Amino acid sequence: MLKLTPLLLLLAYGLVMYRFSVWRTKKELDEKSTELADRKLKELTDRMAKALDLDRIRVNIYEIAPVNGLAAPDGRIFITRGFFDQYRNGKVTAEEMASVIAHELGHVALGHSRRRMIDFSGQNAIRMTLGGILNRFLPGLGWAIASALTSLLAAKLSRQDEHEADAYASALLVKSGIGTGPQKSLFAKLEKLTGSGSGSQPAWLLSHPKTAERVAAIEAREARWLPND
C-alpha cells in the first residue's frame, strides 16, 4: 500500500486541481460575459444550427481585449470582446466570425475543452512530481527541465486538437452553405489581428499549428469533398 501512496496522492492532486480549475474558469466567464446579439451573425449561426439539427447556437462575448475564441468545459462558446470589435470595425467579416464559432463548436463536439482542463490539471501534477525527482539529481535545473518537457507535451496535444477542430469547422461550414473560404481568409489575417509582428506570441497562436499548415489541410479537404468544376 505504501508503494501506491505517491500515485494515489498524485491522482488526488490532479482531481482537486481539475475541480478547482473548472470552478475558477466558470466563475470568470460568468462574471465577464454576456450573450452575443448581432443580427448577421445570428443568421449564420442559425444556418449552422440547422445543419446540426439544433434549435440555436448560443454565443457569448467574453469581455477581454485579446483576439480569441474559446470553448468552455461546460460546452459554452465565447468570442472575446477584442475579436468582436474587429468584426464591428470591418476588419473581420461575419462569415469569418462564423468560422471561428464553428471551430469552437468543434472543440466542444470532440471533447477537447473538457479534456484540456483535465490535461492541464494532470500536467501540473506531473510537472510537480517530475520536477521534485529531477531536482534531487540536478539542483536548480530539475524544475526547469520538468516544465519544458510537460510544456512540449501540452503543445503537441493542443496542435492535434486544433487540426481536428479545423476539420470539424470545415465540414460544418460546407454543410451550412457558408463554405471554407472565410475559414482560409481569416487565417490570412490572424498575424495582423493578433499583433504577432510585435515580437510577443499572441493568444490565438499559442500552441497552434502553423497557419500555412492549417490552410493546406483545408484545401486538401476541399479537394476530397467538393466536386471538380
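**Regarding the nonpolar core**
Part 1 of the reasoning: Within the largest apolar cluster, 34 residues are counted, with the highest numbers of intra-cluster contacts made by Met48, Phe83 and Ile101.
Part 2 of the reasoning: If you tally residues by element for this core, the top one is helix H4 (residues 94-109), at seven residues.
Part 3 of the reasoning: When near neighbours in sequence (up to four residues on either side) are disregarded, isoleucine 101 contacts Thr45, Met48, Ile57, Val59, Ile77 and Ile79.

**Here we look at the sheet that holds strand S1 (residues 33-35)**
Part 1 of the reasoning: Spatial ordering of the open sheet is given by S1-S2-S4-S3, a layout of four strands whose pairing is mixed. The open sheet is flanked by S1 and strand S3 (69-71), the only strands paired with a single partner. Across the sheet, the axes of successive neighbouring strands diverge by a mean angle of 30 degrees, strand direction being ignored.
Part 2 of the reasoning: Those strands touched by helix H3 (residues 81-88) are strand S2 (59-62), S3 and strand S4 (77-80), and its axis lies near 65 degrees from that of S4.
Part 3 of the reasoning: Packing of H4 onto the sheet brings it into contact with S2, S3 and S4, and relative to S4 it is tilted by some 140 degrees.

**A word on the pairing of S2**
Part 1 of the reasoning: Burial along S2 is two-sided: Val59 and Ile61 facing one way and Asn60 and Tyr62 facing the other are all buried.
Part 2 of the reasoning: Direction of pairing for S1 relative to S2: antiparallel, over a ladder of three bridges. Bridge pairing in S2 places threonine 34 opposite isoleucine 61.
Part 3 of the reasoning: The pairing of S2 with S4 spans four bridges and is classified as parallel. For isoleucine 61, the partnering residue across the bridge sits in S4 and is isoleucine 79.

**A few points about the packing of H3 against H4**
Part 1 of the reasoning: Where H3 meets H4, the axes come as close as 9 Å, and the angle between the chain directions of the two elements is 155 degrees. Classified by the interaxial angle, the pair formed by H3 and H4 is roughly antiparallel. The way H3 lies across H4 gives a crossing that is left-handed. When H3 is examined against H4, the residues Phe83, Phe84 and Tyr87 are found in contact with a partner set consisting of Ala94, Met97 and Val100.

**Some words on the confidence of the model for the protein**
Part 1 of the reasoning: With 63% of its residues at a pLDDT of 70 or more, the protein shows a mean pLDDT of 77.
Part 2 of the reasoning: Of all secondary-structure elements in the protein, the lowest mean pLDDT belongs to helix H5 (residues 112-137), at 56, while helix H2 (residues 39-51) reaches the highest, 97.
Part 3 of the reasoning: A low-confidence stretch, residues 118-122 stays under pLDDT 50, and its non-local contacts, those more than four residues away or across chains, total seven contacts.
Part 4 of the reasoning: Confidence over residues 197-207 falls short of pLDDT 50; this stretch has 21 contacts with residues more than four positions distant or in other chains.

**Concerning the packing of H4 against helix H7 (residues 181-194)**
Part 1 of the reasoning: The interhelical angle for the contact between H4 and H7, taken along N-to-C directions, is 95 degrees, at an axis separation of 8 Å. In terms of orientation, H4 lies roughly perpendicular with respect to H7. Contacts between H4 and H7 pair Glu95, Glu96, Ser99 and Val100 from the former with Pro182, Gln183, Ser185, Leu186 and Lys189 from the latter.
Part 2 of the reasoning: A breakdown of the residues in the contact of H4 with H7 according to their chemical character gives three nonpolar, three polar and three charged.

**Section: the packing of aromatic side chains**
Part 1 of the reasoning: Under the criterion given, the structure shown has two aromatic pairs.
Part 2 of the reasoning: When the ring of tyrosine 62 is compared with that of phenylalanine 78, the centres are 6.3 Å apart and the planes differ by 70 degrees; the resulting orientation is edge-to-face. With tyrosine 62 in strand S2 and phenylalanine 78 in strand S4, the pair connects residues that are 16 residues apart, well separated along the chain. Like tyrosine 62, the residue phenylalanine 78 is buried in the burial classification.
Part 3 of the reasoning: A ring pair is formed by phenylalanine 84 and tyrosine 87, whose centres lie 5.7 Å apart and whose planes are at 50 degrees; its orientation type is tilted.

Thresholds applied
- Residues numbered from 1 in each chain as written.
- Predicted model: local features only at pLDDT ≥ 70, side-chain atom pairs only at ≥ 80, totals over all residues.
- Heavy atoms only, no water.
- Core = buried A, V, L, I, M, F, W, Y, C linked by side-chain atoms within 4.5 Å.
- Buried < 20%, exposed > 50% of the residue type's maximum accessible area, 1.4 Å probe, protein only.
- Helix = DSSP H or I, 4+ residues; strand = E, 2+ residues; numbered from the N terminus.
- Contact = heavy atoms within 4.5 Å.
- Pairing = 2+ DSSP bridges.
- Axes fitted to C-alpha atoms, helices over the stretch in contact; angles between N-to-C directions.
- Parallel < 35°, antiparallel > 145°, perpendicular 65-115°, else oblique.
- Left-handed = near helix turned anticlockwise from the far one by under 90°.
- pLDDT = per-residue confidence, 0-100.
- Nonpolar A, V, L, I, M, F, W, Y, C, P; charged D, E, K, R; others polar.
- Phe/Tyr/Trp six-rings, centres within 6.5 Å; stacked < 30°, edge-to-face > 60°.

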